[in-house]
Amino acid sequence: MPMSEENHAAVAVTGVTGALGSRIAARLALHGVPQLLVGRSPDRMSDLPGAQRRGPAAYDDAPAMRKALEGASTLILVSGYRTGRRLEEHATAIEAATAVGVERVLYVSLVGASPVATYLNARDQWTTEQFLAGSGIRHTVLRAGWYSSTPAALADEDFVVRGPAHTGRAAFVTHEDITRVITAVALDDGPRSEHDGAVLEITGPEALTLDEAVTRIAAATGRPYRFQTETLEEAFARRWRRGVTGEQIETWISWFQAIDRGEVSTVTDVVPRLTGSPATPISDAAWWPEPTTARGVR
Ligand SMILES: NC(=O)c1ccc[n+]([C@@H]2O[C@H](COP(=O)([O-])OP(=O)(O)OC[C@H]3O[C@@H](n4cnc5c(N)ncnc54)[C@H](OP(=O)(O)O)[C@@H]3O)[C@@H](O)[C@H]2O)c1
């Protein structure tokens, strides 16, 4: 049951210097929610009404996280990077929250999170989900779908997106739709919520092949994006020549393979059910990154 806008207790939001956390914080500010913006670089955080900047606090710095989270009742924990210590980082942040009396954690995970996920980034998202489930803290897992913007960020300077995928599909979703769902769950801040213990998979309205997705991005932007399938060998060799690290090559190839294996094609009703409006088609996405700006593509 949503409380009135004046009655919200403080919500701590992490990842606010990033694409998703910044949008979540901006939307919560629009709703008049008092916030604690938590991160490693408070000087890079936006100035938002009703928000205090807290930190510097990295997820694995327990004392700094405890100090930064003091006074929050809900923590929106945006997942960090695949450092090889992601579970330790997230677990430390969650334990710090519990230690200072945070009552609820909304964890921003990834669709397809599983110990055997093809996409390597989805594996340690699953470990944090398990940690939360065993922690006893009230929580909701929000599995963000794959961003509509990513194919544009993967394109090379000639607007060509290349990868070892063929006919597989992905239900790409916009940052704004993910944000609207997370905000709706955060605003549902009574003593109990139907979302307690839930795992919500936030997807776009349709599952597209990469060829379809990229063709729509081209039409939406007026730029000559196109998709070109490459073999696994070509995929490795081309990235290696560009100076991409072995770990990033493996991660990006697993992104394409997960699409081909049908692991990210499920379309859910989470966006319309929680926000009251249909999920946004890829062609209506409000923001397109520049080519070669995805993490670790060069
Ligand atoms: N759904 C998708 O398609 C998709 C795509 C890419 C990534 N992701 C995942 O979703 C998360 C959020 O996505 P995004 O697009 O907002 O990524 P982003 O723009 O790279 O932002 C990540 C945010 O997390 C913060 N962060 C990372 N590690 C941290 C740590 N150890 N301690 C404290 N803060 C930390 C970063 O802070 P700094 O500014 O200090 O680095 C930044 O604010 C990513 O971190 C990643 O796990 C999902």
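Calculation notes
- Residues numbered from 1 in each chain as written.
- Predicted model: local features only at pLDDT ≥ 70, side-chain atom pairs only at ≥ 80, totals over all residues.
- Heavy atoms only, no water.
- Helix = DSSP H or I, 4+ residues; strand = E, 2+ residues; numbered from the N terminus.
- Expected span 1.5 Å × (residues − 1).
- Buried < 20%, exposed > 50% of the residue type's maximum accessible area, 1.4 Å probe, protein only.
- Arc of directions from axis to C-beta.
- Contact = heavy atoms within 4.5 Å.
- Salt bridge = Lys/Arg side-chain N within 4 Å of Asp/Glu carboxyl O.
- Phe/Tyr/Trp six-rings, centres within 6.5 Å; stacked < 30°, edge-to-face > 60°.

(A) Layout of helix α4 (residues 123-135). Helix length check: α4 (13 residues) gives 19 Å between terminal C-alpha atoms against 18 Å at 1.5 Å per residue, within 8%. Taken as a whole, α4 has its buried residues at Asp124, Gln125, Thr128, Glu129 and Leu132. When α4 is viewed along its axis, its buried side chains cluster within an angular range of 160° and face the same direction. What points out from α4, more than 90 degrees from its buried face, is the exposed set Ala133 and Gly134. In the core, the buried residues of α4 are packed alongside α3 (86-99), β5 (104-110) and β6 (138-144).

(B) The pattern of salt bridges, seen in detail. Inspection of every chain in the model, using the stated rule, returns 17 salt bridges. The partner of aspartate 124 in a salt bridge is arginine 86, with the nearest N and O atoms 2.7 Å apart. Residue aspartate 124 is located in helix α4, and its partner arginine 86 is located in helix α3; the two are separated by 38 residues in the primary sequence. Between aspartate 156 and arginine 162 there is a salt bridge, and its shortest N-O distance comes to 2.7 Å. Here arginine 162 falls in the partly exposed class, since its relative accessible area comes to 21%. Connected via shared salt-bridge partners are Glu129, Arg143 and Glu201.

(C) Local environment of the packing of aromatic side chains. For the structure on display, the rule yields six aromatic pairs. Summarising the aromatic geometry, the rings of tryptophan 146 and tryptophan 255 are spaced 4.9 Å apart at their centres and angled 10° between planes, so their arrangement reads as stacked. Residue tryptophan 146 is located in the loop between β6 and α5 (150-154), and its partner tryptophan 255 is located in helix α9 (residues 246-260); the two are separated by 109 residues in the primary sequence. With respect to burial, tryptophan 146 and tryptophan 255 carry one shared label: buried.

(D) A look at the side chain of histidine 175. With respect to the secondary-structure elements, histidine 175 resides in helix α6 (residues 175-187). For histidine 175, a relative accessible area of 5% gives the class buried. When near neighbours in sequence (up to four residues on either side) are disregarded, histidine 175 contacts Ala19, Leu20, Arg23, Tyr147, Ser149 and Trp287.

(E) Molecular detail of unusual backbone geometry. Cis geometry is found at the peptide bond from glycine 55 to proline 56, where omega equals 5°. Tracing the sequence through the fold places proline 56 in the loop between β3 (51-54) and α2 (62-69). We note that phenylalanine 159 has phi near 70°; this positive angle belongs to a residue other than glycine. Structurally, phenylalanine 159 can be placed in the loop between α5 and β7 (160-163). A residue is classified by how much of its surface remains accessible, and phenylalanine 159, at 17% relative accessible area, is buried.

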